[in-house]
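Residue strings, one per chain:
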Amino acid sequence: NSFETQAIGGLPPKGICGSGMVDIISELLKNKIIDRSGKIKEGGRDSDGTKEIVLVDAKASATGKDITVDENDIKNLIHSKGAIYTGIEVLLKEAGFKKSDIMHVFIAGGLGTALNIRSAINIGLLPDLPEKSFVFLGNTSVAGAKMCLLSHEAADKADAIANKMAYLDLSSSALFMNNYGAALFLPHTDIESFPSVKKILT
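Residues numbered from 1 in each chain as written. Predicted model: local features only at pLDDT ≥ 70, side-chain atom pairs only at ≥ 80, totals over all residues. Heavy atoms only, no water.

> In this structure, what is going on with the sheet that holds strand β3 (residues 67-70)? I would like to understand it.
Strand pairing in a sheet relies on backbone hydrogen bonds, with the paired strands running either antiparallel or parallel. Read across the sheet, three strands follow the order β1-β2-β3 without closing on themselves; strand pairing throughout is antiparallel. At either end of the open sheet lies a strand with only one pairing partner, and these are β1 (45-47) and β3. Recorded for the sheet is a direction-independent mean angle of 50 degrees between the axes of neighbouring strands. In this sheet, β3 lies alongside strand β2 (residues 50-56) in antiparallel orientation, the contact comprising four bridges. What sits directly across from V56, in β3, is I67. The strands touched by helix α2 (residues 71-95) are β2 and β3; relative to β3, the strand with the most contacts, the crossing angle is about 60 degrees. (Pairing = 2+ DSSP bridges. Helix = DSSP H or I, 4+ residues; strand = E, 2+ residues; numbered from the N terminus. Axes fitted to C-alpha atoms, helices over the stretch in contact; angles between N-to-C directions. Contact = heavy atoms within 4.5 Å.)

Here is the structure:
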């Protein structure tokens, strides 16, 4: 297999960022290089008993070392995305809503600035909703703190919102634990809940 890679600023790549990992796993899945459990099916090499894929060879990297992704990297991402997706499922069920009730999904933080929504849906990080439903907000914590410092009205509004919030501890939620295992596949064990991904994979 050969891979076409692009690094920030057009410079030789040094490594893989978080949003880059989401794209990589999505592309490996779409091209049937990995299976839905995250196992490398073809094109991998053995490295200390773990299969890995070389994305950028040492000659083209900024570090002089191969840039690779191995089955442990993939497994770690699957566990992370499974926790996020299961958290979304549990919050919806606890609030009495269905995925079809979601109108907008607001994405904040550094990862959100470069996250490819299609890739995130493909791996089961985000629910299978129309891509226009997802809205990037940037660094909301900094923006919110600035607004509260400069405006009494904004600070009062933030207090009012905080007082309306309910806390749900996912670590002690039986519903979370019972559903988490099902999310440890790409995109999910229930492929029917990801119809657009099913279409891509078949």
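> Can you help me understand the packing of helix α4 (residues 140-150) against helix α5 (residues 152-164) in this one?
When two helices pack together, their arrangement is given by the angle between their axes and by how far apart the axes lie. Running from N to C, α4 and α5 point in directions that differ by 120 degrees, and their axes come no closer than 5 Å. The angle between α4 and α5 places the two elements in the oblique class. Between α4 and α5 the crossing geometry is left-handed. Contact residues: α4 offers M147, C148 and L150, while α5 offers H152, A154, A155 and A158. Broken down by class, the residue content of the contact of α4 with α5 amounts to six nonpolar, one polar and no charged. (Parallel < 35°, antiparallel > 145°, perpendicular 65-115°, else oblique. Left-handed = near helix turned anticlockwise from the far one by under 90°. Nonpolar A, V, L, I, M, F, W, Y, C, P; charged D, E, K, R; others polar.)

Coordinates in, geometry out; function isn't part of it.
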